[in-house]
Structures are given as C-alpha cells and as structure tokens.
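Each chain is listed here by its residues.
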Amino acid sequence: MNIIILGPQGSGKGTQATNLKERLNLVHIASGDVLRAARASDTELGREVRRYYDAGELVPDAITVRLIIEAIRRTSGSESILLDGFPRTVAQAEALERALMDANEGVDAVIELQAPLETVKARLAGRRICRVCGAVYNVNTKPPRAPGACDLDGGELYQREDDRPEAIERRLAIWARENEQLLAFYACKGIVTTVDADRSPVEVTDDIVAVIEGRGLPVAKR
Ligand code: AP5
C-alpha cells in the first residue's frame, strides 16, 4: 500500500510519519530528508539542490522525481510506503503515478493535514533539530530537557536554514500556490482524507491510524 501525507510546512508531516512508523509496518520516505542528503554532498547535484533548498524554493522536478523514484525502487516492493513531502506538484504526482503503474501499483490513500497558518508559522520558527540523530524538538511545544541539547544523545540542536522567516514565507506561498491543484488531482480519485492537525501529535496520529485501518492496511500492534 502506498500512502501520501501532505499539508503545509509545519503541519506535522514529519512528526506524524515518525509516529506512524512506530505503529504501522511501513517505510517512510521523506523528500526533505532525501534532498538534504543530496544537499550535503560536495557535488554538482549537491550544489544545485542547496541553491533551491536554502532559498525555500522547490527543487526542480527533474532532480526531485529522480531521487524519490530511486528511493521507492530501493524498497523491497512488498512493503507499504509512506511518502512525506512528495509529490508537491501535479507534475510530480503524474510522474509518481507512472512509476507506480510500472509496478502495477497506485496511491491508495492521501492524508491531508490541516492547521491554521499562524500555528504552522509558530511551529516552524520554534523547530530545532539534533545534529547527531536528527530528532526534532520545538522550543515552544516540545522543548528538550536541557536547552540546546538533544535528550537522546546530548547532540547540539540547530535551526534549519529554511526555517528562517523569509524562507518560511516563501515555502508557505509555494504550498498555497501548488496545493489546490495537487489535492484536486487526488480528490477526484476519492482517496483524500483531511485530518485536523491543530491538536496534540498523539490525537492526530490516532486519527490517521483510524483512516488507514479503514482502508484495509494491517496495523501493527504496539
Ligand atoms: P521538507 O523537509 O519536506 O519540509 P516541509 O514540507 O517544508 O515540511 P516541514 O519539515 O517544514 O514540516 P512538517 O510538516 O514535516 O513539520 P514537522 O513535523 O517537522 O522540505 C524542505 C525543502 O526541501 C523544501 O522547501 C524544498 O526546497 C525541498 N523539497 C522537499 N520536497 C520537495 C518536493 N517534493 N519537490 C521539490 N522540492 C522539495 O513539525 C514542525 C514543528 O512543529 C516541529 O518542531 C514539531 O515538533 C512541531 N509539531 C509538529 N506537530 C505538532 C503538533 N501536533 N503540536 C505541536 N507541535 C507540533
């Protein structure tokens, strides 16, 4: 089964994907993680990705689609996949559809996270990430025990390049521009469920699990 989780930046896609991985048997592919790994490489590709990523712009489809389809193909083929942050445009959705069709598959469910703009902006401004293990904190809603240090390994917490105010505004503007058409692409297939993400992470996860169970995906026992 292939599931897409989408929503504005800061709606909690990554947070939910991490929770869902613990509850369901699925592989989490986050386009942000895939692109951050590419961005870190000292190559032509890395420099190209960095240019768009750091400005809060979408990385060109030719690069993003290739990297994500490669990541999907690296899975065993029998696993359920949770796609987080991809697709973000109709062109990406069409490319995904073609790639899945080659494997006689399709997208089975789309979870749309909805939260007010003020909420997502405040969450992004407060997000901090561990340099060592990548654990995600929030100075307002999920502070670490010791300021600036990861609870798990003591690693330094940093703020993402694209969580600066100008980049946040740009990313949200792009989301507003692309989201309506992307949702319409999937809504006409009858596979979109909207979940209120302006609640505690656990409440949101419970709702998503109920949606997925309702669609017949086996849910692992905790
Ligand atoms: P990406 O890494 O995908 O970032 P994003 O979509 O901008 O999403 P975020 O990671 O900002 O938000 P999220 O919804 O995952 O929130 P999170 O759970 O962390 O993409 C980064 C960049 O890569 C893009 O700008 C672009 O350049 C490029 N890119 C990626 N995909 C692409 C694509 N398909 N095409 C082209 N380019 C692409 O939560 C945020 C904060 O809120 C955290 O601190 C968290 O603790 C807190 N929080 C979460 N949920 C709750 C809750 N329920 N209550 C309270 N606090 C919460």
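None of the values given here were measured: they were computed from a predicted structure.

Focus on the sheet that holds strand E2 (residues 26–30)
- What the five strands build is an open sheet, ordered E2-E3-E1-E4-E8; its pairing is parallel. Strands with a single pairing partner mark the edges of an open sheet, and in this sheet they are E2 and strand E8 (192–196). Direction aside, the axes of adjacent strands within the sheet are offset by 20 degrees on average.
- Bridging between strand E1 (residues 2–6) and strand E4 (residues 109–114) involves four bridges; their strand directions are parallel. Within E4, the residue paired with Ile5 across the bridge is Ile111.
- Those strands touched by helix H2 (residues 31–39) are E2 and strand E3 (80–84), and its axis lies near 55 degrees from that of E2.
- On top of the sheet, helix H8 (residues 201–214) reaches E1, E4 and E8; it is set at about 160 degrees to E8, its chief contact.

A look at the packing of helix H5 (residues 90–102) against helix H7 (residues 165–187)
- One can describe the packing of H5 onto H7 by two numbers: an axis separation of 9 Å at closest approach and a directional angle of 35 degrees. Here Val90, Ala93, Glu94, Leu96 and Glu97 of H5 lie close against H7, whose contacting residues are Gln181, Leu182, Phe185 and Tyr186.
- By residue class, the composition of the contact of H5 with H7 is six nonpolar, one polar and two charged.

Examining H2
- Residues of H2 that are buried include every one of Ser31, Gly32, Leu35 and Ala38, and no others. Down the axis of H2, the buried side of the element spans an arc of 125 degrees, and every buried residue falls inside it.
- Looking at the buried positions of H2, the neighbouring elements they touch are E2, helix H3 (44–55), helix H4 (61–73) and E3.

Some remarks on the environment of Ile111
- Secondary-structure assignment places Ile111 in strand E4.
- Its relative accessible area of 1% is what places Ile111 among the buried residues.
- Remark: the alpha-carbon pair of Ile111 and Ala210, spanning 99 residues in sequence, is separated by 11 Å.
- Apart from the residues within four sequence positions on either side, Ile111 is in contact with Ile3, Ile4, Ile5, Leu6, Thr193, Val195, Ile208 and Val211.

Thoughts on the site of the ligand
- In the region of the ligand, 35 residues are neighbours, and Gln9, Thr15, Glu57, Arg127 and Arg171 sit closest.
- Interatomic distance of 2.6 Å between a side-chain N/O atom of Ser31 and a nitrogen atom of the ligand.
- Tyr137 places a main-chain nitrogen or oxygen 2.9 Å from an oxygen atom of the ligand.
- A total of 1000 Å² of accessible area belongs to the ligand in isolation, and the protein chains cover 95% of it.
- If you list the elements that add at least two residues to the shell around the ligand, you get helix H1 (13–23), H2, helix H6 (117–126) and strand E6 (136–138).
- Here the element with the most residues in the shell around the ligand is H2; it accounts for four residues.
- When the residues that make up the shell around the ligand are grouped by side-chain class, the tally is eleven nonpolar, 14 polar and ten charged.

Regarding unusual backbone geometry
- Going from Phe86 to Pro87, the amide bond is cis rather than trans, its omega being 0 degrees.
- Take Pro87: it is sitting in the loop between E3 and H5.
- We note that Asn104 has phi near 55 degrees; this positive angle belongs to a residue other than glycine.
- Within the secondary structure, Asn104 is located in the loop between H5 and E4.
- Take Asn104: its relative accessible area is 75%, and that puts it in the exposed class.

Here we look at the sheet that holds strand E5 (residues 127–130)
- Strand order across the open sheet formed by three strands is E6-E5-E7, with antiparallel pairing between neighbours. Edge positions in the sheet fall to E6 and strand E7 (157–158), since each of these pairs with one other strand and no more.
- Strand contacts of H6: E5 and E6, with the helix running at about 35 degrees to E5, the strand carrying the most contacts.

Focus on the nonpolar core
- Ranked by internal contacts, the top residues of the largest apolar core, which has 23 residues, are Ile4, Ile72, Leu83, Leu96, Val107, Val110 and Tyr186.
- The set of elements that each furnish at least two residues to this core consists of E1, H4, E3, H5 and H7.
- Not counting the four nearest positions on each side in its chain, Leu96 is found in contact with Ile4, Ile69, Ile72, Leu83, Phe86, Pro87, Val107 and Tyr186.
- By size, the runner-up hydrophobic cluster in this structure holds 22 residues, among which are Ala17, Leu113, Val209 and Val211.

The rules behind these values
Residues numbered from 1 in each chain as written. Predicted model: local features only at pLDDT ≥ 70, side-chain atom pairs only at ≥ 80, totals over all residues. Heavy atoms only, no water. Pairing = 2+ DSSP bridges. Helix = DSSP H or I, 4+ residues; strand = E, 2+ residues; numbered from the N terminus. Axes fitted to C-alpha atoms, helices over the stretch in contact; angles between N-to-C directions. Contact = heavy atoms within 4.5 Å. Nonpolar A, V, L, I, M, F, W, Y, C, P; charged D, E, K, R; others polar. Buried < 20%, exposed > 50% of the residue type's maximum accessible area, 1.4 Å probe, protein only. Arc of directions from axis to C-beta. Near = heavy atom within 4 Å. Polar contact = N/O pair within 3.5 Å; in protein donor to acceptor, adjacent residues only side chain to side chain. Areas by Shrake-Rupley, 256 points an atom, 1.4 Å probe, with all protein chains shown as cover. Core = buried A, V, L, I, M, F, W, Y, C linked by side-chain atoms within 4.5 Å.

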